[in-house]
Amino acid sequence: MTMPLLELRQITVSFDGFLALRDLNLNLKPGELRAVIGPNGAGKTTFLDVITGKTTPSEGDVMFKGRSLLGTREHRIARLGIGRKFQSPRVFEKLSVQENLALAVSCPKQPWSLLVGGLNGNQRDQVYHLMSIVNLQNRADWAAGSLSHGQKQWLEIAMLVGQDPDLLLVDEPVAGLTDEETDLTADLLKSLAGDHTVLVIEHDMEFIRRLESPVTVLHQGHVLCEGTMDQVQADPRVIEVYLGTTEENNG
Amino acid sequence: MFESFTTRTKQRFCWPQLLLWVVVIAVIVAAPVVLPVFRLNLLGRFLSLAIVALGIDLIWGFTGLLSLGQGIFFAVGGYAAAMYLQLNSSEGQPNGIPEFFSLYGVDRLPFFWEPFHNPVFTLIAIWFVPALLAAVLGNMVFRNRIKGVYFSILTQAALLVFFNFFNGQQKLINGTNGLKTDVTQLFGQMIGSPEMQRGFFWLTCLMVFLTWFFVRWVVRGRFGDVLIAIRDDEPRLRFTGFNPTLFKTIVFAIAGGLAGIGGALFTVQSGIVSPQYMAVPFSIEMVIWVAVGGRGTLVGAIFGAVAIMYTKSLVSEAWPQGWLFIQGGLFILVVTALPEGVIGWLKSDGPRNLLSRIGFVRPIGTYPQLEMDGQDEVQT
């Protein structure tokens, strides 16, 4: 029995009495690919905020590699090996594609080493490799702000991979992408799983189905059920809260 | 083949910039010959303000920290220089301490004056004390994640605190009257003598160049990219594993140190340092130099400081009440028409756009990009 990489124990988050998360439990095994779905307001983003240290839970504990993350500041959590992609793509718009990726792969991320030296050979290779994965190599010197929405999404995913985290938290990676781009993103995430642990939050059911991963359904800050996509979609509780309107997807 | 479509201006060769440098160097070389002592002295003072402006550009233009309290560090640097000069010239005075102390019945040198007997200590203190002060003040603010307009208000409040404190300390630093330096001695010469002043002019020019090189080194490369990232999306940077508080503290300290150096050079060329250097309007003016010159362009900061201050002194001589109107007008112009400042406007093809708008030059090359985009679509 391997130890879970990430373990959320009875997490409760209260915003002025409103429970964004209540008594949430979740385990992720190393190398796992997991999808999290849930209707709007189910607490999906809050749940990522708790893991990455942006929000402190009022109760419960977050364990990562056997140590508690509570009270650890965001940049330290990131350095421990948790990377996050935001819901709407957040890249550094005034920096070029290459510079965005250079910041992600930089290690150590200390002022002095950034000031006196450039990237080493390996890191430079990695930047080029990442650009070729997400097909941005001929945009290397473009300001990230001038990229299309889909390209920004991919750049942010590439930055996430460049950080080389053990756990990737990916919030709505295919929002606003074309079908073709969506398929490519699904393949990319699947290829990352195994070496990395990946947690994907998405609304797009077809995309989730393509990931062929276990699915966790959140509802009102609580885990409603877990299982394969088919199991989840057949669950009457899920149909009631969430999938009732998308039954036609079963066909 | 992609170069001509690069949307970034950072690496692009830019003729206005080159032209500006030629003009600047020509002015500096010619100035001592052409200008009367009085004007040369003014130019030297304004160049020392350019050093302060470079620091402001670093924290505001690149990192997005709008400090309205740079006067603190400017004045502290000035006081450090003035204290050494006062001590250096107080041998014949009663008790061997600067003359003003006797006005308040002080017969022993306050303890913090002691190390300023040493010229090496003074040269270090001029930049190190303001930098340390900035680091401590900055860190307290940054670690609590106070940003934006709240940061600006806090720096201005700190400025007022220091202003009032310095004003009230007659027995320590001569309060409102400040410390005079023009009749003090250095290397056996009067600070106020034309030869010394010319020396300070050259020293200031050298320091402006060194500062420019230094700040350029800081903002190029990944460190500078981190600063821009802090300005544009600080939380995102945290989740990438960087600690913005550390970076912000460092650049705020650098800007403080530069303000100190500028303050010391300004003091020796003005002949006095007083709490007036910490007046609120002066620190706001510093920000206006950078805004008018161009945020995020180092040449703009230097140009802004020197051009505005020189114009100010010329206008004030001819029309004493006029300057405030012009300064206000400049500020409105920058906010409404030139958000990137003068140098930023020149860099972004502003002149050609203006000419084409009023019909002098026909717009050229509008369509190649479309074709380019088409090809790219096929590739992806």
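Residues numbered from 1 in each chain as written. Chains lettered and ligands numbered in written order. Predicted model: local features only at pLDDT ≥ 70, side-chain atom pairs only at ≥ 80, totals over all residues.

Assigned secondary structure in chain B consists of 15 helices and four strands. What you see for chain B is a C-alpha radius of gyration of 23 Å, in line with the 21 Å of a compact globule of 380 residues. For chain B, the spread of C-alpha atoms along the three principal axes comes to 85 × 50 × 35 Å. Evaluated residue by residue, chain B yields a buried proportion of 43% over its 380 residues. For chain B, contacts bridging at least 24 residues in sequence account for 79% of all contacts bridging at least 6. (Helix = DSSP H or I, 4+ residues; strand = E, 2+ residues; numbered from the N terminus. Rg over C-alpha atoms; globule rule 2.2 N^0.38 Å. Buried ≥ 20, exposed ≤ 12 C-beta atoms within 10 Å, placed from the backbone. Contact = placed C-beta atoms within 7 Å.)

Okay, the overall build of chain A next. Looking only at helices and strands, chain A features 10 helices and 10 strands. Its C-alpha radius of gyration of 18 Å places chain A within 12% of the 18 Å reference for a compact globule of 251 residues. Taken over the C-alpha atoms alone, chain A extends approximately 55 × 45 × 40 Å along its principal axes. Out of the 251 residues belonging to chain A, those deemed buried represent 46%. Restricting to contacts in chain A with at least 6 residues of sequence separation, those with at least 24 account for 67%.

This part covers the sheet that holds strand E5 (residues 67-68) of chain A. Residues and elements named next belong to chain A. Reading across the sheet, the four strands line up as E2-E1-E4-E5 and stay open at both edges, with antiparallel pairing between neighbours. The outermost strands of the open sheet, each flanked by one partner alone, are strand E2 (18-28) and E5. Alignment of strand E1 (residues 6-15) against E2, held across seven bridges, turns out to be antiparallel. Paired with Val 13 across the bridge in E2 is Leu 21. Relative to the sheet, helix H1 (residues 44-52) contacts E1, E2 and strand E4 (59-64), its axis offset from that of E2 by approximately 65 degrees. (Pairing = 2+ DSSP bridges. Axes fitted to C-alpha atoms, helices over the stretch in contact; angles between N-to-C directions.)

Residue and element names in this part refer to chain B. The biggest cluster of nonpolar side chains holds 172 residues, and the ones touching the most others in it are Ala 50, Ala 53, Ile 302 and Ala 305. No other element matches helix H2 (residues 37-62), which puts 15 residues into this core. The residues touching Ala 50, leaving out its near neighbours within four places in the chain, are Val 208, Ala 301, Ile 302, Ala 305 and Val 306. (Core = buried A, V, L, I, M, F, W, Y, C linked by C-beta atoms within 7 Å.)

Turning next to the packing of helix H3 (residues 97-105) of chain A against helix H5 (residues 121-133) of chain A. Residue and element names in this part refer to chain A. Relative orientation of the contacting elements H3 and H5 amounts to 125 degrees, with a least axis distance of 10 Å. When the axis of H3 is compared with that of H5, the two are oblique. Classified by chirality, the crossing of H5 by H3 is right-handed. Touching Val 97, Gln 98, Leu 101, Ala 102 and Val 105 of H3 are Gln 123, Gln 126, Val 127, Leu 130 and Met 131, all from H5. (Parallel < 35°, antiparallel > 145°, perpendicular 65-115°, else oblique. Left-handed = near helix turned anticlockwise from the far one by under 90°.)

Moving on: the sheet that holds strand E7 (residues 167-171) of chain A. Residues and elements named next belong to chain A. If you walk across this open sheet you meet the six strands as E6-E7-E8-E3-E9-E10, and the pairing is mixed. Strand pairing shows two members of the sheet lacking a second neighbour, strand E6 (82-85) and strand E10 (222-227), which therefore form its edges. Neighbour-to-neighbour, the strand axes of the sheet open up by a mean angle of 20 degrees, direction not taken into account. Relative to E10, strand E9 (residues 215-219) runs antiparallel, the two being bridged by five bridges. Within E10, the residue paired with Leu 218 across the bridge is Val 223.

What follows is about H2(B). If you check H2(B), its first and last C-alpha atoms are 36 Å apart, about what 26 residues at 1.5 Å a residue would give, namely 38 Å. Along H2(B), the largest kink reaches about 30 degrees and is centred on Ile56(B). (Expected span 1.5 Å × (residues − 1). Bend = angle between axes of the 7 residues up to and from the residue.)

With that settled, the discussion passes to the environment of Asp182(B). Residue and element names in this part refer to chain B. As for its position among the elements, Asp 182 is in the loop between strand E1 (179-180) and strand E2 (185-186). We classify Asp 182 as partly exposed; it has 17 C-beta atoms within 10 Å. It is 9.1 Å that separates the C-alpha atoms of Asp 182 and Thr 267, two residues lying 85 residues apart in sequence. Sequence-distant contacts of Asp 182, that is, excluding residues within four places in its chain, are made with Ile 191, Gly 192 and Gly 271.

It is worth spelling out the interface of chain B and chain A at this point. Interface size is commonly expressed as the accessible area that is lost once the parts come together. Facing 25 residues of chain B, the contacting portion of chain A comprises 30 residues. Mapped by element, the contributors of at least two residues to the side of chain B that touches chain A are helix H8 (221-239) and helix H9 (244-270) of chain B. When the residues that make up the side of chain B that touches chain A are grouped by side-chain class, the tally is 11 nonpolar, seven polar and seven charged. (Nonpolar A, V, L, I, M, F, W, Y, C, P; charged D, E, K, R; others polar.)

On to unusual backbone geometry. All names here are of chain A. A cis amide bond links Cys 107 to the next residue, Pro 108, at an omega of 0 degrees. Considering the arrangement of structural elements, one finds Pro 108 in the loop between H3 and helix H4 (111-116). Phi angles above zero are rare outside glycine, and Asp 16 is one such case at about 50 degrees. Looking at where Asp 16 falls in the secondary structure, it is placed in the loop between E1 and E2. Notably, Asn 135 is not glycine yet its phi reads approximately 60 degrees, a positive angle. Residue placement: Asn 135 occurs in the loop between H5 and helix H6 (149-162). Take Asn 135: there are 15 C-beta atoms within 10 Å of it, and that puts it in the partly exposed class.

Here the focus is the environment of Val161(B). All names here are of chain B. Here Val 161 lies in helix H5 (residues 148-168). Residue Val 161 is classed as partly exposed on the basis of its 13 C-beta neighbours within 10 Å. Along the chain, Val 161 and Phe 73 lie 88 residues apart, while their C-alpha atoms are 13 Å from each other.

The subject of this paragraph is the confidence of the model for chain A. Confidence in the prediction of chain A, expressed as mean pLDDT, is 87, and 96% of residues score 70 or more. A low-confidence stretch, residues 246-251 of chain A stays under pLDDT 50, and its non-local contacts, those more than four residues away or across chains, total three contacts. (pLDDT = per-residue confidence, 0-100.)

Here the focus is the packing of helix H3 (residues 70-88) of chain B against H9(B). All names here are of chain B. Two numbers describe how H3 lies on H9: the axes approach to 6 Å, and their chain directions differ by 50 degrees. For the element pair H3 / H9, the angle class is oblique. Handedness of the crossing formed by H3 with H9: right-handed. Contact with H3, carried on its side by Gln 70, Phe 73, Phe 74, Ala 75, Val 76, Gly 77, Gly 78, Ala 80, Ala 81 and Ala 82, involves Ala 255, Gly 256, Ala 259, Gly 260, Ile 261, Gly 262, Gly 263, Ala 264, Phe 266, Thr 267 and Val 268 of H9 and no other residues of that element. Tallied by class, the residues present in the contact of H3 with H9 amount to 13 nonpolar, eight polar and no charged.

It is worth spelling out the environment of Val161(A) at this point. Summarising the element assignment, Val161(A) is placed in helix H6. Discounting chain neighbours no more than four positions away, the residues touching Val161(A) are Leu130(A) and Leu192(A).

The terminal C-alpha atoms of H8(B) lie 21 Å apart, and with 19 residues this falls more than 12% below the ideal 27 Å at 1.5 Å per residue. Where H8(B) terminates, the next one or two residues include Gly241(B), which has phi positive at roughly 105 degrees.

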